[in-house]
Amino acid sequence: MFKILIGLIVALAVLFAGYYGYLRFVSNPAVIAELKSADGGARADRVMLVTLPDGRELPVNYLREGGTVFVGVDGRWWRQFREGPQSVAVQI
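Residues numbered from 1 in each chain as written. Predicted model: local features only at pLDDT ≥ 70, side-chain atom pairs only at ≥ 80, totals over all residues. Heavy atoms only, no water.

**Q** What should I look at first to understand the sheet that holds strand β4 (residues 89-91) in this one?
**A** Hydrogen bonding along the main chain pairs the strands of a sheet, whether they run parallel or antiparallel. The antiparallel open sheet is built from four strands, whose spatial order is β3-β2-β1-β4. Every other strand in the sheet has two partners, leaving β3 (68-72) and β4 as the edge strands with one partner each. Taken over all neighbouring pairs, the strand axes of this sheet differ in orientation by 35° on average, direction set aside. Of the pairings in the sheet, the one linking strand β1 (residues 47-51) to strand β2 (residues 57-65) comprises five bridges and is antiparallel in character. Bridge assignment links Met 48 to a residue of β2, and that residue is Val 60. (Pairing = 2+ DSSP bridges. Helix = DSSP H or I, 4+ residues; strand = E, 2+ residues; numbered from the N terminus. Axes fitted to C-alpha atoms, helices over the stretch in contact; angles between N-to-C directions.)

**Q** Any chance you could explain a nonpolar patch on the surface here in plain terms?
**A** Together, Phe 2, Leu 5, Ile 6, Ile 9, Val 10 and Val 14 make up a nonpolar patch on the protein surface, roughly 590 Å² of accessible area in all. With respect to the helices and strands, Val 10 occurs in helix α1 (residues 2-37). (Patch = residues over 30% accessible without salt bridge, like charges linked within 9 Å, V, L, I, M, F, W, Y side chains within 5 Å. Areas by Shrake-Rupley, 256 points an atom, 1.4 Å probe, with all protein chains shown as cover. Salt bridge = Lys/Arg side-chain N within 4 Å of Asp/Glu carboxyl O.)

**Q** Sorry if this is basic, but what is going on with the pairing of β1 here?
**A** Residues in a regular strand point their side chains to alternate faces of the sheet. Counting buried positions along β1 yields four of five residues, so the element is predominantly enclosed. Between β1 and β2, which pair antiparallel one after the other, the connecting turn spans five residues, and Gly 55 there sits at a positive phi close to 95°. Where β1 meets β4, three bridges bridge the pair, whose relative direction is antiparallel. Each residue of the ladder has a partner; that of Thr 51, found in β4, is Ala 89. (Buried < 20%, exposed > 50% of the residue type's maximum accessible area, 1.4 Å probe, protein only.)

As structure tokens, this is what we get:
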């Protein structure tokens, strides 16, 4: 029973690491390149590019309703803002 539990934990860790690696090195760079090259593309209607203070670029989903833009960003990007106000560039 213990070996099965350890095997499941290892399998979950490998799956998580694979998913993280896919997002960081495959999916996000492809989306960023598309947003930069095709500003009026279909993806640009729902995804914007956020440039953080450390220079990282994140493609994030957004919803525009009237004059308000709602943004959904996952991850630990918010840790850059613990020291106080920072500049963020947004490309919609």
